[in-house]
Amino acid sequence: MTTRTVYLETFGCQMNELDSELVAGALKALGYRFVPEPDHADVVLYNTCSVRDHAEQKVRSRLGEVRDRKMREPHVVVGVLGCMAERDGEDLIRRMPVVDVLCGPGELDKLPALLDNAVRTREAILADDAPPPPGLRGLSASAREIALQGGASRRSGTLAAAQDNLELLDLSRSVSPTDHRGTAYVRITRGCNKFCTYCVVPHTRGAEVHRPPDHIVEECRRLADAGVIEVTLLGQTVNHYRFEHGAAVTIGGLVQPQKGRSYAGGHRRDPFAGEAVTTFADLLRRIHDEVPEIRRLRFVTSYPRDFGDDVLEVIRDHPRICRYLHVPAQSGSDRMLERMNRGYTVGEYLEFLDRARAYLHQPEIGRPLTLAGDMIAGFCGETEEDHRASVALLERARYKNAFIFKYSPRPGTTAFDRLIDDVPDEVKRRRNNELLAAQSRISEEVSREMLGSTLEVMVEGFSERQRKRSESAAAGVVGLTVGGRSAVEPERPESGSVQMTGRTEGDLIVHFDVDRSESKQMVGSIVLMRVDGVSGLSLFGSMIDVDSPARVVREH
Ligand code: SAM
Ligand code: SF4
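Computed from a prediction, not measured in an experiment: that's the story for all the values here.

Reading the values: the criteria
Going along each chain's sequence as written, the residues are numbered from 1 onward. Numbering of ligands from 1 and lettering of chains from A proceed in the order in which they are written. Where totals are concerned, whole chains, interfaces and linings use all residues; where local detail is concerned, this predicted model gives features only for residues with pLDDT of at least 70, and gives and counts side-chain atom pairs only at 80 or more. In computing side-chain values, all of the structure's heavy atoms are included and hydrogens and water are not. Throughout, the protein atoms alone are placed on a 1 Å grid, and a set of points is a cavity if a 1.4 Å probe fits but cannot get out or a pocket if it is open with protein on both sides within 12 Å along at least five of seven lines; lining residues have an atom within 4 Å of a point. Grid points are joined across faces, edges and corners, and a volume is the space filled by probe spheres set on the points. Helix numbering and strand numbering both begin at the N terminus, where a helix is a DSSP run of H or I of at least 4 residues and a strand a DSSP run of E of at least 2. By the convention adopted, Pro, Cys, Tyr, Trp, Phe, Met, Ile, Leu, Val and Ala count as nonpolar, Lys, Arg, Asp and Glu as charged, and the other residues, Gly among them, as polar. In this scheme, strands are said to pair when DSSP sees at least two bridges between them. Axis definition: a line fitted to C-alpha atoms, limited for helices to the stretch in contact. Angles are taken between N-to-C directions and run from 0 to 180 degrees. What pLDDT conveys is the predictor's confidence in a given residue, as a value from 0 to 100. Whether two residues are in contact is decided by their heavy atoms: any pair within 4.5 Å suffices. Residues are classed as near a molecule or strand on a simple rule: at least one heavy atom within 4 Å of it. N or O atoms closer than or at 3.5 Å make up a polar contact, with two conditions inside protein: a donor-capable atom paired with an acceptor-capable one, and, for residues adjacent in sequence, both atoms drawn from side chains. Here the Shrake-Rupley method, with its probe set to 1.4 Å, supplies the accessible areas, and only the displayed protein chains count as covering residues. Any residue under 20% of the maximum accessible area for its type is buried, any over 50% is exposed, and the rest in between are partly exposed; the area is computed with a 1.4 Å probe on protein chains only. Any Lys or Arg side-chain nitrogen located within 4 Å of an Asp or Glu carboxyl oxygen qualifies as a salt bridge. To estimate the expected span of a helix, count its residues, drop one, and scale the result by 1.5 Å. Ring pairs are drawn from Phe, Tyr and Trp, using the six-membered ring of Trp, whenever the two centres fall within 6.5 Å, and their geometry is named by plane angle: stacked under 30 degrees, edge-to-face over 60, tilted for the rest. By nonpolar core we mean a set of buried residues, namely Ala, Val, Leu, Ile, Met, Phe, Trp, Tyr and Cys, connected to one another through side-chain atoms within 4.5 Å. Disulfide assignment relies on a single distance test, namely cysteine sulfur atoms paired within 2.5 Å.

Taken as a whole, this structure holds four cavities of 30 Å³ or more when the rule is applied. Taken together, 16 residues form the lining of the largest cavity, with Gly106, Leu166, Arg190, Gly191 and Arg205 sitting closest to its centre. Of all the secondary structure elements, the ones that give two or more residues to the lining of the largest cavity are α1 (14–29) and β8 (189–190). In terms of residue class, the lining of the largest cavity is made up of five nonpolar, five polar and six charged.

One open sheet accounts for three strands, arranged β7-β10-β15; its pairing is parallel. Looking along the sheet, the strands with just one partner apiece sit at the ends: β7 (183–187) and β15 (296–300). Sheet twist, expressed as the average angle between the axes of neighbouring strands with direction ignored, equals 25 degrees. Where strand β10 (residues 230–234) meets β15, five bridges bridge the pair, whose relative direction is parallel. Looking at the pairing, Glu230 lines up with Arg296 of β15.

Let's shift gears to the confidence of the model for the protein. Looking at the protein as a whole, the pLDDT averages 88, with 87% of positions reaching at least 70. A low-confidence stretch, residues 476–484 (pLDDT under 50), is modelled with 18 contacts involving residues beyond four sequence positions or located in other chains. Scored below 50 in pLDDT, residues 549–556 makes 13 contacts in the model with residues more than four places away or belonging to other chains.

On to the site of ligand 2, then. Near ligand 2 you find Cys192, Lys194, Phe195, Cys196, Tyr198, Cys199, Val201, Pro202, Gln236, Thr237 and Arg342, and these make up its full shell. When its residues are assigned to classes, the shell around ligand 2 shows seven nonpolar, two polar and two charged.

Before going further, it helps to examine the site of ligand 1. What surrounds ligand 1 is a group of 16 residues, the closest being Gln236, Pro328, Gln330, Asp374 and Ser408. Gln236 places a polar main-chain atom, nitrogen or oxygen, 2.8 Å from a nitrogen atom of ligand 1. The separation between an oxygen atom of ligand 1 and a polar side-chain atom of Arg342 is 3.1 Å. Taken by itself ligand 1 offers 560 Å² of open surface, and the protein chains cover 92% of this. Elements that contribute at least two residues to the shell around ligand 1 include exactly β17 (370–377) and β18 (401–406). Of the residues belonging to the shell around ligand 1, the class tally is seven nonpolar, four polar and five charged.

You can see Glu505 is positioned in the loop between β22 (497–504) and β23 (509–515). Residue classification places Glu505 among the buried residues on the basis of a relative accessible area of 6%. One polar contact links the side chain of Glu505 to the main-chain amide nitrogen of Arg323, over a distance of 2.9 Å. Within the structure, the side chain of Glu505 is placed 2.8 Å from the side chain of Arg367, a separation counted as a polar contact.

Moving on, we get to the pattern of salt bridges. In this structure the tally under the stated criterion is 59 salt bridges. One salt bridge connects Glu230 with Arg298, and the closest N-O pair in it is separated by 3.0 Å. You can see Glu230 sitting in strand β10 and its partner Arg298 sitting in strand β15, a full 68 residues away along the chain. By relative accessible area, which is 6% here, Glu230 ends up buried. Taking relative accessible area as the criterion, Arg298 reaches 6% and is therefore assigned buried. Of the charged contacts in the structure, one is a salt bridge between Glu449 and Arg398, with a shortest N-O distance of 3.5 Å. Of this pair, Glu449 sits in helix α15 (residues 425–449) while Arg398 sits in the loop between α13 (384–397) and β18, and the two are 51 residues apart along the sequence. On the accessibility criterion, Glu449 (52% relative accessible area) is exposed. Here the salt bridges share partners, and the residues they tie into one network are Asp19, Glu21, Glu167, Asp170, Arg173, Arg187, Arg190, Arg205, Arg211 and Glu219.

Here the focus is helix α8 (residues 213–225). Here α8 is 13 residues long and its end C-alpha atoms lie 18 Å apart, about the 18 Å a rise of 1.5 Å per residue gives. When α8 is considered as a whole, its buried residues turn out to be Pro213, His215, Ile216, Val217, Glu219, Cys220, Leu223 and Ala224.

How two aromatic rings sit relative to each other is given by the distance of their centres and the angle of their planes. Within this structure, the stated rule accounts for eight aromatic pairs. Arranged with centres 5.0 Å apart and planes meeting at 85 degrees, the rings of Phe280 and Phe299 form a pair that is edge-to-face. Placement of the pair is Phe280 in helix α9 (residues 280–290) and Phe299 in strand β15, with a sequence separation of 19 residues. Judged on exposure class, the residue Phe280 and its partner Phe299 are both buried. Put simply, the rings of Phe280, Phe299, Phe307 and Phe352 pair up and form one aromatic cluster.

Inspection of the secondary structure assignment puts Arg242 in strand β11 (residues 242–244). Judged by relative accessible area, Arg242 falls into the buried class, the value being 3%. Here the side chain of Arg242 touches Asp270 through a polar contact of 2.9 Å, side chain to side chain.

All right, on to the nonpolar core then. Ranked by internal contacts, the top residues of the largest apolar core, which has 89 residues, are Leu284, Phe299 and Leu325. Per-element accounting of this core gives the leading share, eight residues, to helix α12 (residues 346–360). In contact with Leu284, not counting residues within four places along its chain, are Leu233, Leu297, Phe299, Val311, Val314, Ile315 and Ile321. Counting residues in each nonpolar core, the second largest holds 31 residues, with Ala24, Tyr32, Leu111 and Ala143 among its members.

We now examine the state of the cysteines. One pass over the structure, following the stated rule, counts zero disulfides. Its sulfur unpaired, Cys13 is 6.3 Å from the next cysteine sulfur, which belongs to Cys49. Of the residues examined, Cys13 reaches a relative accessible area of 31% and is grouped as partly exposed.

Okay, the sheet that holds strand β6 (residues 145–147) next. Strand pairing in a sheet takes place through backbone hydrogen bonds and is either antiparallel or parallel in direction. Reading across from one edge, β2-β1-β3-β4-β5-β6 is the order of the six strands in this open sheet, with parallel pairing throughout. In the strand order of this sheet, the two ends are held by β2 (33–34) and β6, each with one partner. Taken strand by strand, helix α2 (residues 53–72) contacts β1 (5–10), β3 (43–48) and β4 (77–82), and its axis lies near 170 degrees from that of β3.

Below, the structure written as structure tokens:
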């Protein structure tokens, strides 16, 4: 059998990036070969996002492009994975028969089988002597391989008793050193129960489930063994994690992920903490202590209401847990927060930020706390006063960066069904721009506060500027990447300095110059830098110490 080639493009959040990585690992193990361009791939996959209409539009336009190719090359199999597949369902194939495979985010373990069937179906269509399989109207018709959770995406309390096959996909993750240079994501929860009125995620990713802590720690250990030194734990409301061992269900020798019990939140300590429970604070402590090779432990995205002091204490007392929190507020107006069903007031949100700073902001020892947030501009019924309150919240929160979005009505959500999208698009755009302008000034101010400080920086690779310079000198040589950056610069004969890029524990980007001869071995290491320049959101540093012992000193 000839090797099938696959092109996989990912849209959306880190959860999708991780899903794509796991899917790619599973397909590679079956002999599929991944290619960087769609033009010659036998299988073209889009892992999609439905959070905003804009993300879906991009996928629709990609599908339009691939349709033209498929008219000429009907053997090509096209798959839509992720949230858009789940949200649109079979309607997507009816509208765009170029799509052969639909696979929701909760069904990705089934993808290899779906693809295999789809490839065979298309081969059968093309075989000269075989009649087209029933239901296929022509060469461009869909092979219709579908795995969606549909109505089952909000699985009930019986979930804990049902086998969760998706867990196997995470557990069978490939962790070879070449796949994971330096940094990796690890999922700790899936789905979401919050039902913010604007958001499609609870409908596409289903009910929140918590992975068994042993599986998570083991995955971190295997990643560390493969050379990973930075792990980012993922969950839609990551700090909501809790695993109750007494209620754990084992099927076929495998402990299953758990739906967990709902609770009101707003606590200062996990109310169920105890011997038979692994709280989020316990999980952070376990990974920190049991896998010390992971020198940076991060987590996204946090939900403000469920953030207890127990978690802040663990971060403060464990030096390898990063002092960086991504805690979206979404709006600075209590009226909007209520309409969004966020479950907290502006006052409570700001109280949390003050509490987090009191625990974690220690610039004097090179460990400032940095914060990131998300805001939505022009949600249903938002007045100028509400908007000004959002600008005021940015001023008060002083995020190092914020993801700011125009409200995009999403079919299936409560806001779509029950609220009126009454803010005209030009007003949304203007408010969005005003929030962006305010945040960009604040981000620069936060960066300036770092001037003169000494910070630990994890080296990711060559800077964009260096990469562009090098590309013209050595076109065609593809480098490895760490955290999306080029880790191996194409060979160049000259000596001299090169510009590299790294990140602080607070996720600030730092550029610095090093001698070319030292550059390669620095990738993936943590170095001590003095910040001596700022431009926009970027810091410029000079190196004080390679592979800083500072973290070790602070531990004692
Ligand atoms: N779970 C995270 C939380 O609650 O903070 C965020 C997950 S969501 C996929 C990422 C961001 O997309 C949200 O924080 C929100 O700002 C934005 N978002 C979600 N639905 C949106 C919508 N309908 N229109 C505009 N932005 C939206
Ligand atoms: Fe969406 Fe709200 Fe869940 Fe975040 S917490 S994923 S915004 S429903």
